[in-house]
Amino acid sequence: MRHTPKTPPLSRRTLLRALGGGAVLGGLAGCGVPAAYVSPGDRAVADMSATDKRLTWANWPLYIDTDDEDSTKRPTLEAFEKKTGISVDYVEEINDNDEFFGKISPALMNHQQTGRDLIVISDWMCARFVRLGWVQEMDRASQPNVTKYLDPLLRSPAFDPGRKYTVPWQSGITGIAYDRRRLGREIRHVSDLWASDLKGRVTLLSGLDEAFALLMQGNGVDITKWKAADFDKVCDQVEKYVENGQIRRFTGNDYTKDLVTGDVLACQAYSGDVIQLQAANPDIRFVVPEEGAELWSDSLMIPDRARHKANAERLIDYYYDPEVAAELAAWVNYVCPVPAAREVLAASKDEDTAALAENPLIFPDDEMRKRLVIARDITSKERVEYAKRWNAIVGL
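Treat the numbers as computed from the prediction; the structure is a model and nothing was measured.

Rules used throughout
Residues numbered from 1 in each chain as written. Predicted model: local features only at pLDDT ≥ 70, side-chain atom pairs only at ≥ 80, totals over all residues. Heavy atoms only, no water. Phe/Tyr/Trp six-rings, centres within 6.5 Å; stacked < 30°, edge-to-face > 60°. Helix = DSSP H or I, 4+ residues; strand = E, 2+ residues; numbered from the N terminus. Buried < 20%, exposed > 50% of the residue type's maximum accessible area, 1.4 Å probe, protein only. Polar contact = N/O pair within 3.5 Å; in protein donor to acceptor, adjacent residues only side chain to side chain. Core = buried A, V, L, I, M, F, W, Y, C linked by side-chain atoms within 4.5 Å. Contact = heavy atoms within 4.5 Å. Axes fitted to C-alpha atoms, helices over the stretch in contact; angles between N-to-C directions. Parallel < 35°, antiparallel > 145°, perpendicular 65-115°, else oblique. Left-handed = near helix turned anticlockwise from the far one by under 90°.

Peer 1: Is there a simple way to think about the packing of aromatic side chains in this case?
Peer 2: Aromatic rings considered in pairs are described by the distance between their centres and by the relative angle of their planes. One pass over the full model with this rule turns up 18 aromatic pairs. Note on Tyr63 and Tyr334: the rings are 5.7 Å apart at their centroids and 75 degrees apart in plane angle, and the pair reads as edge-to-face. One end of the pair, Tyr63, is in the loop between β1 (54-59) and α2 (75-84); the other, Tyr334, is in the loop between α12 (322-332) and α13 (341-346), with 271 residues separating them in the sequence. The exposure class assigned to Tyr334 is buried, which follows from its relative accessible area of 2%. Their ring planes at 85 degrees and their centres at 5.6 Å tell us that Phe129 and Trp134 sit as a pair that is edge-to-face.

Here is the structure:
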């Protein structure tokens, strides 16, 4: 297995547009539209997996391994098909969480099939699906690898205790990236972003769900149980730094361009992106601040009324085999949700592949893990108010 540099992935944690889908759903009941929630007894249909060996899987672009010589081939997925006899229709159709929510929500709201047996979306959006009852509980008895190998840090987020409805596909860290050579010093704290020598050369992420947790951690907040006052304090601070010119702008994944050119010296960033930037510029550093950073995931879910649930569960468990997880991690370079894959990579005869096992942005070391936390999600009721204020600051 050879590690090959690739084009940086498209955004997996894109900005929340306007008030987001939660606000839209929140107003439906008052417009004579039936409630969107689906009760547990109305989520499943007859499973055809035993006789119909196939499934449809919706994922993001550039989020699975491809062959070095032929990008249309996906080695781990093809190996699954050969091993199980299950044919997988793999569709790279998710480019934005809210856009995809709008695409399939009419079917789910009306108790109809989506045409997909497996989807991958960001956990903050997964929380919305779980609350609405739009996904099916998985049968862990048929997923021994998930049960055994799922990273303990990811096992029980607030929106899905025990991970009954979701399984992480890949994870990442929202921290701080900076150019050590150009800045001339280290960054260790969130508050370092507000230093005078960084005025006008700092960017923050524009998405509410992407930005708020790290900023709260900088204030010493436990983001597993943050409150409205914590959010208001962050907004007050960000407003001040916008007004005095400390913050250059708010970004999506395009922060990488500013960091490469030197227009920006420090920014909120995703660990997976920084690995790609470091391949070209080792002076670019990624830091998990001493106050901590947010650990997030893009997770696999089985939508209501999926016709091939058992096949989807089998595929999920396949990717939790450490050998398979290692092969995937070597390509996507995000935080691997299967820590046991580290030993597989370390044993590789290829030096570049073996080196990945020592990369803390793929396999966080013990010291870093102590500072990683999954934030509690923003509830539907909170989202309308919070998004309104945040978007006004960001300029959306």
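Peer 1: Sorry, what's going on with α12 here?
Peer 2: Note: α-helices contain 3.6 residues per turn, so residues at a spacing of three or four share the same orientation. With nine of its 11 residues buried, α12 lies for the most part within the structure. Structurally, the start of α12 carries an N-cap: the backbone nitrogen of Glu323 is 2.8 Å from a side-chain oxygen of Asp321. Residue Asn333 follows α12 closely and has a positive phi angle near 65 degrees.

Peer 1: I tried to follow the nonpolar core on my own but got confused; where do I start?
Peer 2: The nonpolar side chains of a soluble globular protein tend to be buried, and buried together. Counting 127 residues, the largest nonpolar core has Trp57, Phe129, Tyr319 and Trp390 as its most contacted members. In contact with Trp57, other than residues within four places in its own chain, are Ile64, Leu77, Val88, Asp89, Tyr90, Val91, Leu118, Val120, Trp169, Leu300, Leu315 and Tyr319.

Peer 1: Would you mind going over the side chain of Ser297 with me for this structure?
Peer 2: Note on placement: Ser297 falls in strand β9 (residues 293-301). Note on Ser297: relative accessible area 1%, which makes it buried. For Ser297, the side chain forms a polar contact with the side chain of Ser171, separated by 2.7 Å. When residues no more than four places from it in sequence are discounted, the contact partners of Ser297 are Ile121, Ser122, Asp123, Leu154, Arg163, Pro168, Gln170 and Ser171.

Peer 1: In this structure, what is going on with the packing of α2 against helix α11 (residues 309-318)? I would like to understand it.
Peer 2: Geometry of a packed helix pair, given as the angle between the helix axes and the separation of the axes. The interhelical angle for the contact between α2 and α11, taken along N-to-C directions, is 125 degrees, at an axis separation of 11 Å. One element, α2, and the other, α11, form an angle in the oblique class. Where α2 crosses over α11, the two elements pack in a sense that is right-handed. Only Asn311, Arg314, Leu315 and Tyr318 of α11 make contact with α2, whose side of the interface consists of Thr76, Leu77, Ala79, Phe80 and Thr84.

Peer 1: Sorry, what's going on with unusual backbone geometry here?
Peer 2: Comment: phi is negative for the bulk of residues other than glycine, and the bulk of peptide bonds are trans. The backbone of Arg305 sits at a positive phi, close to 65 degrees, despite the residue not being glycine. With respect to the element layout, Arg305 can be found in the loop between β9 and α11. A positive phi angle, close to 65 degrees, is found at Asn333, a residue other than glycine. Here Asn333 shows up in the loop between α12 and α13. On the basis of relative accessibility, which here comes to 1%, the residue Asn333 falls in the buried class.

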